[in-house]
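If you want the building blocks of each chain, they are given just below.
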Amino acid sequence: MTTESKASKAAKPALPASPPLTERQEARRRRILHTSAKLASRGGFDAVQMREVAESSGVALGTLYRYFPSKVHLLVATMQDQLQHMHETLRKRPPSEQDPGARVAQTLMRAFRALQREPHLADAMVRALTFADRSVSPEVDTVSRLTTAIILDAMGLDGPPTPEQLSAVRVIEHTWHSALITWLSGRASIAQVKIDIETVCRLIDVTAPGGERATGRAGSRPRGPTPLTPPVGTPPHRCPRG
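On a predicted model such as this, the values are computed, not experimentally measured, just so you know.

Peer 1: Help me understand the packing of aromatic side chains in this model?
Peer 2: Two numbers describe a pair of aromatic rings. These are the distance of the centres and the angle of the planes. Applying the stated rule across the entire model yields three aromatic pairs. Aromatic pair Phe112 and Trp183: ring centres 5.3 Å apart, planes at 65 degrees, arrangement edge-to-face. Residue Phe112 is found in helix H6 (residues 100-116), and its partner Trp183 is found in helix H9 (residues 163-184); the two are separated by 71 residues along the sequence. With relative accessibility at 17%, the residue Trp183 sits in the buried group. Over the ring of Phe45 we find Lys71, and its NZ or CZ is 4.0 Å from the ring centre.

So, in structure tokens, the structure goes:
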């Protein structure tokens, strides 16, 4: 690279961050997500057609595609929205168990049963996550961060999680997602899902600092939301303008 090209590159201004949604745009986005969830609840993945979503939401088809470039983008965003509501509910009614591992298992089973009440919606959202390619990475990463936040809040840590604890959380996330898939496909019962979730959540005790068991220790009760460390290099979610 020449000195001139280096200088040109250095002088090139950074792209501005996408502005936040206006109140009108946010209301429009909420209508779209509500419609997506409603259609998916009725007939699953195939029932969510972009043209019907646009018509039922009262937006132009082109506007819908500016918010969500594809049905997969839309349904992954729908899962993000569902998890946000779930997280708020769990914060209002935190788990009753005192052992952190048991608290996480209880929390994830409550989340699982919430999805169980809407099997078509759950199937649509999980299929969208499965089909997601790199273009949907920001939305998929947001879903992962929300799941992580739910688990960390249930653990009730006194401070930031250790690398070992974050590794355990990732394994728990993978197991929960896999259990959801096997249940939706009819290859696992709710009882088996519960056993798998409770088993993997024992990793929380194994990764406790100093190898100590968390049962009955100070700090095993929740002390408010735990700070969440997002994945490095995760691009910000871009919002449509106009």
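Peer 1: Mind showing me how you'd approach the packing of helix H5 (residues 71-92) against helix H7 (residues 119-131) here?
Peer 2: Packed helices, taken two at a time, are described by the angle their axes make and the gap between the axes. Relative to each other, H5 and H7 sit at 120 degrees, their axes nearing to 8 Å. One way to sum up the angle between H5 and H7 is to call them oblique. As H5 runs across H7, the sense of the crossing is left-handed. Counting all contacts with H5, which are made through Val72, Leu75, Val76, Thr78, Met79 and Gln82, the residues of H7 involved are Leu121, Ala124, Met125, Ala128, Leu129 and Phe131. Classifying every residue of the contact of H5 with H7 gives 10 nonpolar, two polar and no charged.

Peer 1: How should I be thinking about the environment of Leu39 in this particular structure?
Peer 2: Mapped onto the elements of the fold, Leu39 is located in helix H2 (residues 23-43). Relative accessible area serves as the criterion here: at 6%, Leu39 is assigned to the buried category. With 85 residues separating them along the chain, Leu39 and Ala124 place their C-alpha atoms 9.9 Å apart. Aside from chain neighbours lying at most four places away, what touches Leu39 is Gly44, Ala47, Val48, Glu52 and Val53.

Peer 1: Can you help me understand the environment of Asp81 in this one?
Peer 2: With respect to the secondary-structure elements, Asp81 resides in helix H5. For Asp81 and Ala37, which are 44 residues apart along the polypeptide, the C-alpha to C-alpha distance reads 9.5 Å. In this view, Asp81 contacts Arg30 and Leu33; residues no more than four positions away in its chain are not counted.

Peer 1: I keep staring at the pattern of salt bridges and nothing clicks. Help me out?
Peer 2: Pairing of side chains with opposite charge becomes possible as their charged atoms draw close. Counted under the stated rule, the structure contains three salt bridges. The salt bridge partner of Arg91 is Asp153, with a shortest N-O separation of 2.9 Å. Residue Arg91 is located in helix H5, and its partner Asp153 is located in helix H8 (residues 137-155); the two are separated by 62 residues in the primary sequence. Of the residues examined, Arg91 reaches a relative accessible area of 47% and is grouped as partly exposed. On the basis of relative accessibility, which here comes to 12%, the residue Asp153 falls in the buried class.

Peer 1: Before we go on, may I ask you to explain helix H3 (residues 50-57) in this structure?
Peer 2: Every buried residue of H3 is accounted for by Met50, Val53, Ala54 and Ser57. One side of H3 carries all its buried residues, which in axial view fall inside an arc of 100 degrees. Away from the buried face of H3 by more than 90 degrees, exposed residues Arg51 and Glu55 are located. Its buried side turned inward, H3 meets H2, helix H4 (61-67) and H5. Gly58 occupies a position one or two residues after H3 and carries a positive phi of about 75 degrees.

Peer 1: Before we go on, may I ask you to explain the side chain of Gln80 in this structure?
Peer 2: Its place among the elements puts Gln80 in helix H5. Excluding its chain neighbours within four sequence positions, the residues that come into contact with Gln80 are Thr142, Val143 and Leu146.

Peer 1: It is not clear to me how the layout of surface pockets should be interpreted in this structure. Could you clarify?
Peer 2: Rolled over the atoms, a probe with the dimensions of a water molecule shows which regions are left empty. What the second largest pocket holds in volume is close to 300 Å³. Gln82, Met86, Ala114, Leu115 and Arg117 are, among the 13 residues lining the second largest pocket, the residues nearest its centre. Sorting the residues of the lining of the second largest pocket by element identifies H5 and H6 as the ones contributing at least two each. Per-element tally for the lining of the second largest pocket: the top contributor is H5, with five residues. Within the lining of the second largest pocket, the residues separate by chemical class into six nonpolar, three polar and four charged.

About the criteria used
Residues numbered from 1 in each chain as written. Predicted model: local features only at pLDDT ≥ 70, side-chain atom pairs only at ≥ 80, totals over all residues. Heavy atoms only, no water. Phe/Tyr/Trp six-rings, centres within 6.5 Å; stacked < 30°, edge-to-face > 60°. Helix = DSSP H or I, 4+ residues; strand = E, 2+ residues; numbered from the N terminus. Buried < 20%, exposed > 50% of the residue type's maximum accessible area, 1.4 Å probe, protein only. Lys NZ or Arg CZ within 6 Å of the ring centre and 35° of its normal. Axes fitted to C-alpha atoms, helices over the stretch in contact; angles between N-to-C directions. Parallel < 35°, antiparallel > 145°, perpendicular 65-115°, else oblique. Left-handed = near helix turned anticlockwise from the far one by under 90°. Contact = heavy atoms within 4.5 Å. Nonpolar A, V, L, I, M, F, W, Y, C, P; charged D, E, K, R; others polar. Salt bridge = Lys/Arg side-chain N within 4 Å of Asp/Glu carboxyl O. Arc of directions from axis to C-beta. 1 Å grid on protein atoms, 1.4 Å probe; cavity = no way out; pocket = protein on both sides within 12 Å on 5 of 7 lines; lining within 4 Å. Points joined across faces, edges and corners; volume = space filled by probe spheres on them.

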